[in-house]
Amino acid sequence: EGKDVSLDLPIAPWEAALGASVKCPTPGGAVMLKIPPNTTKSRTMRLKGKGIPGNPPGDMHAVLKIELPPANTDKAKEIYQQMEREMPFDPRAGLGV
C-alpha cells in the first residue's frame, strides 16, 4: 500500500505468551522486533519507517501469526496433554455455546 508494506510474521506460542525478541525481515534488512507478553491472535505491530525507503519512508506492518508445533511425537503429545490438564483454557468461551 504505497510505501507501507505488510508481512505475516510467524511466532511460537511461547513467544506470544511470554514475550520475545524475534528477527523480522524488512525491505532494508532484518530488525529485532519485541513481542510483548500475552500477545494474542493476529496482532499487528507497526515498525515506523521500516517500509519502502523514500522521503518519507513507508512503514512496515508485521501481522503476528501464532504457529503451533506439531504433536507428531510421544513427547510432544505428552506436553500438549499436560497443558490441557494444567492450563484451564476454552478458546470458544466467548461464543456462548
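Located above this text is the structure these notes cover.
Along each chain, the written sequence defines residue order, and numbers are assigned to residues from 1. Local features are withheld for residues below a pLDDT of 70 in this predicted model, meaning they are given only at 70 or higher, and side-chain atom pairs are given and counted only at 80 or more; totals for whole chains, interfaces and linings count all residues. Side-chain measures were taken over the full set of non-hydrogen atoms in the model, leaving aside hydrogen atoms and water.

Engineer: Hey, could you run me through the sheet that holds strand 4 (residues 44-47) in this one?
Structural biologist: Remark on secondary structure: sheet strands pair via backbone hydrogen bonds, oriented parallel or antiparallel. For two strands to be treated as a pair, DSSP must find no fewer than two bridges joining them. Elements are defined by DSSP. Helices are runs of H or I of four residues or more, strands are runs of E of two residues or more, and each kind is numbered from the N terminus. The three strands are arranged 1-5-4 in an open sheet whose pairing can be described as mixed. Taken across any chain shown, the strands that pair with only one partner, and hence form the sheet edges, are strand 1 (5-11) and strand 4. Strand-to-strand twist in this sheet, taken as the mean axis angle between neighbours without regard to direction, amounts to 30°. In this structure, strand 1 lies alongside strand 5 (residues 60-66), joined through seven bridges in parallel fashion. Directly across from Leu 9, in strand 5, lies its bridge partner Leu 64. Axis angles are defined between N-to-C directions and span 0 to 180 degrees, where every axis is a line fitted to C-alpha atoms and, for a helix, only to the segment in contact.

Engineer: How should the nonpolar core be read in this particular structure?
Structural biologist: Nonpolar side chains in soluble globular proteins tend to end up buried together. Residues enter a nonpolar core if they are buried and are Ala, Val, Leu, Ile, Met, Phe, Trp, Tyr or Cys, with the set joined through side-chain atoms within 4.5 Å. The cut-offs for exposure are 20% and 50% of the maximum accessible area for each residue type, with area from a 1.4 Å probe on protein chains only; residues under the lower value are buried, those over the upper are exposed, and the others partly exposed. With 13 residues, the main nonpolar core has Leu 9, Cys 24, Leu 33, Ile 35, Leu 47, Ala 62 and Leu 64 as its most contacted residues. Elements that contribute at least two residues to this core include exactly strand 1, strand 2 (20-24), strand 3 (31-35), strand 4 and strand 5. Not counting chain neighbours up to four residues away, the residues in contact with Leu 64 comprise Leu 9, Ile 11, Leu 33, Ile 35, Thr 39, Lys 41, Ser 42, Arg 43 and Met 45. The contact definition used throughout considers only heavy atoms, calling two residues in contact when any of these lie within 4.5 Å.

Engineer: Sorry, what's going on with unusual backbone geometry here?
Structural biologist: Excluding glycine, most residues fall at negative phi; most peptide bonds, likewise, are trans. Residue Pro 56 follows Asn 55 across a cis peptide bond; omega there is 5°. Along the chain, Pro 56 turns up in the loop between strand 4 and strand 5. For Asn 38, which is not a glycine, the phi torsion comes out positive at approximately 65°. Topologically, Asn 38 is positioned in the loop between strand 3 and strand 4. Using a relative accessible area of 62% as the deciding quantity, one classes Asn 38 as exposed.

Engineer: Mind showing me how you'd approach the side chain of Thr 26 here?
Structural biologist: Tracing the chain through its elements places Thr 26 in the loop between strand 2 and strand 3. Thr 26 sits in the buried class, given a relative accessible area of 13%. The definition of a polar contact used here is a pair of N or O atoms within 3.5 Å, where within protein one atom must be able to donate a hydrogen and the other to accept one, and adjacent residues in sequence count solely through side-chain atom pairs. A polar contact of 2.4 Å, which involves the side chain of Thr 26, links it to the backbone oxygen of Gly 29. In this structure Thr 26 touches Val 31, Leu 47, Lys 50 and Met 60, once residues within four positions along its chain are discounted.

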